[in-house]
Structure formats: C-alpha cells, structure tokens
Amino acid sequence: MSLQIFLSEQEATNAWQGSLISFGDNSATVHSADAEAVQMAARKLVNNGVSDFELTGNWPLDAQWSFFQGSYDPKIDVQIEYAELSESEARELDARVQVSRWMRSMVNETPEVQAPEVLAQEAADFIQSLSPENVSYEIVSGEDLEKAGHIGTWEVGRGSTRPPALLKLVFNPTDQESPTPIAALVGKGITFDSGGYSIKPSAGMLHMKADMGGAATVTGALGLAILRGLDKPVHLYLCCAENLISGHAYKLGDILTYPNGVTVEIQNTDAEGRIVLADGLLLASESGAPTIIDAATLTGAAVTALGEDYNAVFALDDDARNDFLNAAQSENERHWPLPLESFHANKCPSNFAITANSRAVKGGGPGGASNAAGFLSRFVRDEGKGWVHVDLAAAYRDNATGKWSAGGTGVGFRAIANVISK
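Conventions and cut-offs
- Residues numbered from 1 in each chain as written.
- Predicted model: local features only at pLDDT ≥ 70, side-chain atom pairs only at ≥ 80, totals over all residues.
- Heavy atoms only, no water.
- Helix = DSSP H or I, 4+ residues; strand = E, 2+ residues; numbered from the N terminus.
- Rg over C-alpha atoms; globule rule 2.2 N^0.38 Å.
- Buried < 20%, exposed > 50% of the residue type's maximum accessible area, 1.4 Å probe, protein only.
- Contact = heavy atoms within 4.5 Å.
- Pairing = 2+ DSSP bridges.
- Axes fitted to C-alpha atoms, helices over the stretch in contact; angles between N-to-C directions.
- Left-handed = near helix turned anticlockwise from the far one by under 90°.
- Nonpolar A, V, L, I, M, F, W, Y, C, P; charged D, E, K, R; others polar.
- Disulfide = S-S within 2.5 Å.
- Parallel < 35°, antiparallel > 145°, perpendicular 65-115°, else oblique.
- Patch = residues over 30% accessible without salt bridge, like charges linked within 9 Å, V, L, I, M, F, W, Y side chains within 5 Å.
- Areas by Shrake-Rupley, 256 points an atom, 1.4 Å probe, with all protein chains shown as cover.
- Salt bridge = Lys/Arg side-chain N within 4 Å of Asp/Glu carboxyl O.

A. How the structure looks around the overall build of the protein. Of regular secondary structure, the protein possesses 13 helices and 19 strands. Relative to the globule expectation of 22 Å for 422 residues, the C-alpha radius of gyration of the protein, 22 Å, shows essentially globular dimensions. By its C-alpha atoms, the protein is 70 × 50 × 40 Å across when sized along the principal axes. By residue count, 59% of the 422 residues in the protein fall in the buried class. Nonlocal contacts in the protein, meaning residues at least 24 apart in sequence, comprise 75% of its contacts between residues at least 6 apart.

Okay, here's the thing in structure tokens:
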C-alpha cells in the first residue's frame, strides 16, 4: 500500500525528525515547500523503509521533482504516484524523471558492464529512442580512432583489452541534409579510471566507474531538450575509454600530436580526461556550432574549491559563461564560475612538447581546475568564443547524504538542456 504524502507550509504539530515530517493514518505530511527540504524529507522516508508513495493534494512541479530526487535509490525500486499537474507541467516532470533515471543508472552501473563501446552504444540508443527519425550516429572504435586522428581517446584507451570508442551523433529535426548545428556537446566517457601508470590509491579508485559522468550529463541534456521539443540540430560527441595499465598503455613521457598541431607531453596519466576531451572539442569546433559545451568529472581541484553542491563553470567568453549561469539559475541547478584566462593554457609547460597534459605534482598543483580548462582551450576555435566547460563536482556522491543516495545525482543536465533549447 502506498503512503500518501501531503505538502504543507504549516508548522507540524505531530512532528517527526526535526519538525519536517508528521504522520497520520497511512499518510505523512512534509511541512515545507522548500525544494531542499522536500528532497531531504523524501530521503528520510526512504531511509526509514518507505518505498511506495502517492503524492496527494497540491504539489507544485518543482516540489514533485525534488521528492523524486531525494527518493531515488540505486538499491530500492521506489514507486511514486505523482500529484495532478497541468498537461505541460506533467510532460516536463515525466521528461526530467525519464532522463534522470537513465543518467543515474548509467553512472551507477558497474565498470565491468559499462565498457567504452557499451557506453557509446547505450547513449546512441537512448537518444535515438526519443526521436528515431531525426538521429544518426557513428561509433569509431579501436585502432580506427588512431587512423581517424582521434589521438587522445585512442592513447588513453589502448591499454585496455576493451577498445576505446568515440560516438559522433547528429540530431537533425530539420529538412536540411547537413545543417550547421546550433550547439555541439562533448562528454568525457572514462568508464573506469585506474589512473594508469600514475595509479590511484584504492580509496581514490573505488568510485571511478562514475568517471563517465560527463558523457551521461551531455547525453541527458540532449535527451531533455528533445523531450522539451527541440527543433534545431545539435551534435553530440562522447569520448569513451578505460584508463588501465598494461604493456600497451600510454606512458609518462609519451608525446601526443593532435590534428591541430598541438603536441602534448604526458606528465600524468591520471590527467586523462582532458586528453580524450580534446578529440571531442576538435570535432565540435569543426562542426561550426556557435555554442560548444563540454562536461566532465575532470578535476579533484573543482571539488576542493566548491565542495559537492556546485558544478564549476569555465569560459573565455564572458557572454557564454553568463548565459550558462543564468540558464543554470533558471533551472535551479547550482553552478559557480571559476577563473579561466588565456594564460591558463600555458600553466603546464613541457621541455619536449608545446604543452604537458598536467604538472608533475599531486593534483596538478595550484589552480588545477583552471589549468585543466586552459589545456582544453587549445582545442576550441575562435579563442573560445561560445565555449563553456563544466567540471562536474556535484555529479556524484561517494556516500549517501541527507539529500542524495550514494551514486550519480544528474546535477547539470537541465542547465545544458536549457542553453541548447533557446
């Protein structure tokens, strides 16, 4: 039997757990309409063994979304019967829930199941299922990556027996054959990150199945935009690989040469995300899209700077950064700008190449998140005009909190969907 859940802003008289929740006969009342409070109430109820809910009475869209966010759990099949909404609001809630469930299930999947080619195919299948007649794609994998010039994804992934892969997906709802996309999205799809020869300790490696969170985020963003009625072309590029150790893995001191002429000395094999993203950013730039957004669980430095409640936003283009932050605010997703200047591209010097991929110190040294963004800036056209880089500090929780279950959160996909839907 479902537990009926009411929403009220009146103070509780029969309070439970800090006056947030009170109980009646087969019912409970959440005594706050604040989004965070509702999410925390849902988390409390699930933690106390409730998994079947009926939202009853007056529940605004965002309150119902918050309840879903807090009640989601990777180990429990939580069922929610949502309260009545207008037709348009019901469609929006269904879209958010559908996309979030897909994203979080992908991020929480085991690395044994989530091989690079599997991630690329799953993402393509998901987007194609939403708009079959408007989606085409190609997956380049294994040695074909090297032949096609996708050097970064090939080098990072060649140490695994399961080949790296790069998804090139086109969403084209127009009647034009090959229109210039309004936006190009790029996602880091590292399905497991051992750190390579710059190996992580066990504690740091435990949750590295989630290092493909950027790929899930940009795929989810495109999915939500489609469900919201996107009628303009968008390109999606996912750079997927396992960063493992073997006799064929890339090594410290190796030098990579990208198609744009940038040479990169590997000074840290654990700074692999920026290596694969360079491939996607080059493709995004070639597409001619005026807006380029990449998302990645890229640096621990972003988490150190902002904690786990905000994603970090970087841009050389002030207008692009401000537009993105305004979009995030309108979607009630927490994002915060961190510094990026043209000089950050030179913060990882090399004696043997144009740049190194990192500095040979723990965490990349001071300003590590900005330096990583500076590295990426070498691979976008027009000195970064229209480009935004999102470092997903808030995309995953190692352990459950008062708001979230352990695992993927999905934070970030709505902001990106908002930008490309305009």
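This is not the end of the story, as more comes after the structure.
B. Focus on the sheet that holds strand β16 (residues 355-356). The strand order across the open sheet formed by 3 strands is β11-β12-β16, and the pairing between neighbours is mixed. Where the open sheet ends on each side, the last strands, each with one partner, are β11 (255-257) and β16. Looking at chain direction, β11 and strand β12 (residues 263-265) are connected through 3 bridges and run antiparallel. In the strand pairing of β12, T257 is matched with T263.

C. Seen up close, the environment of T304. Mapping T304 onto the fold places it in helix α10 (residues 300-306). Separated by 220 residues in the primary sequence, T304 and E84 place their C-alpha atoms 41 Å from one another.

D. Seen up close, the packing of helix α9 (residues 273-287) against helix α12 (residues 368-377). For the pair α9 and α12, the least separation of the axes is 9 Å and the interaxial angle reads 35 degrees. Where α9 crosses over α12, the handedness of that crossing is right-handed. Every residue of α12 that contacts α9 at R274, I275, L277 and L281 is listed here: A372, F375 and L376. Classifying every residue of the contact of α9 with α12 by side-chain character gives 6 nonpolar, no polar and 1 charged.

E. View of α12. Judged by how many residues are buried, α12 sits mostly within the fold: 10 of 10 residues are covered. Among the residues of α12, G368, A369, S370, N371, A372, A373, G374, F375, L376 and S377 are the ones counted as buried.

F. Quick look at the pairing of strand β4 (residues 27-30). With burial as the criterion, each face of β4 is covered, one bearing S27 and T29 and the other bearing A28 and V30. Summarising the sheet, strand β1 (residues 3-7) and β4 pair through 4 bridges and their orientation is parallel. The residue of β4 that forms the bridge with I5 is A28. Pairing between strand β3 (residues 21-24) and β4: 4 bridges, direction antiparallel. For S22, the partnering residue across the bridge sits in β4 and is T29.

G. Representation of the sheet that holds strand β15 (residues 335-337). As summarised here, the arrangement of the 8 strands in space is β7-β8-β10-β9-β13-β17-β14-β15, forming an open sheet in which the pairing is mixed. Edge positions in the open sheet fall to β7 (135-141) and β15, since each of these has one partner strand only. Geometrically, the sheet is characterised by an average inter-axis angle of 20 degrees between neighbouring strands, direction not taken into account. Along the sheet, helix α4 (residues 116-130) contacts β7, β8 (165-171), β9 (183-193) and β10 (234-243); its crossing angle with β7, the most-contacted strand, is approximately 175 degrees. Lying over the sheet, α9 contacts β8, β9, β10, β13 (291-296) and β17 (387-391), oriented at roughly 160 degrees with respect to β9.

H. Main features of unusual backbone geometry. Of note, the phi angle at N332 is positive, near 60 degrees, even though the residue is not glycine. The topology assignment puts N332 in the loop between α11 (318-330) and β15. Here N332 falls in the exposed class, since its relative accessible area comes to 59%. The phi torsion at D382 lies on the positive side, around 55 degrees, for a residue other than glycine. As for its placement among the helices and strands, D382 is situated in the loop between α12 and β17.

I. A look at the state of the cysteines. By the definition in use, this model includes 0 disulfides. There is no disulfide at C240, and the cysteine sulfur nearest it, in C239, is 7.1 Å away. With no disulfide of its own, C348 lies closest to C239 among cysteine sulfurs, the gap being 19 Å.

J. Representation of the packing of helix α2 (residues 61-71) against helix α3 (residues 87-108) in the model. The interhelical angle for the contact between α2 and α3, taken along N-to-C directions, is 20 degrees, at an axis separation of 10 Å. Taken as axis vectors, α2 and α3 run roughly parallel relative to one another. Between α2 and α3 the crossing geometry is right-handed. Residues L61, D62, Q64, W65, F68 and Q69 of α2 form the contact with α3, whose participating residues are E89, E92, L93, R96, V97, S100, R101 and R104. Partitioning the contact of α2 with α3 into residue classes produces 5 nonpolar, 3 polar and 6 charged.

K. Looking closely at a nonpolar patch on the surface. Taken together, the side chains of Y197, I199, I245 and L252 make up a nonpolar region of the molecular surface, amounting to roughly 370 Å² of accessible area. On the secondary structure map, I199 appears in the loop between β9 and α7 (202-205). Owing to a relative accessible area of 51%, I199 belongs among the exposed residues under this scheme.

L. Highlighting the pattern of salt bridges. Using the criterion set out here, one finds 23 salt bridges in the structure. Notably, a salt bridge pairs K200 with D270, separated by 3.1 Å at the nearest N-O pair. Of this pair, K200 sits in the loop between β9 and α7 while D270 sits in the loop between β12 and α9, and the two are 70 residues apart along the sequence. With a closest N to O distance of 4.0 Å, R397 and E308 form a salt bridge. Residue R397 is located in strand β18 (residues 396-397), and its partner E308 is located in the loop between α10 and β14 (311-314); the two are separated by 89 residues in the primary sequence. The exposure class assigned to R397 is buried, which follows from its relative accessible area of 4%.

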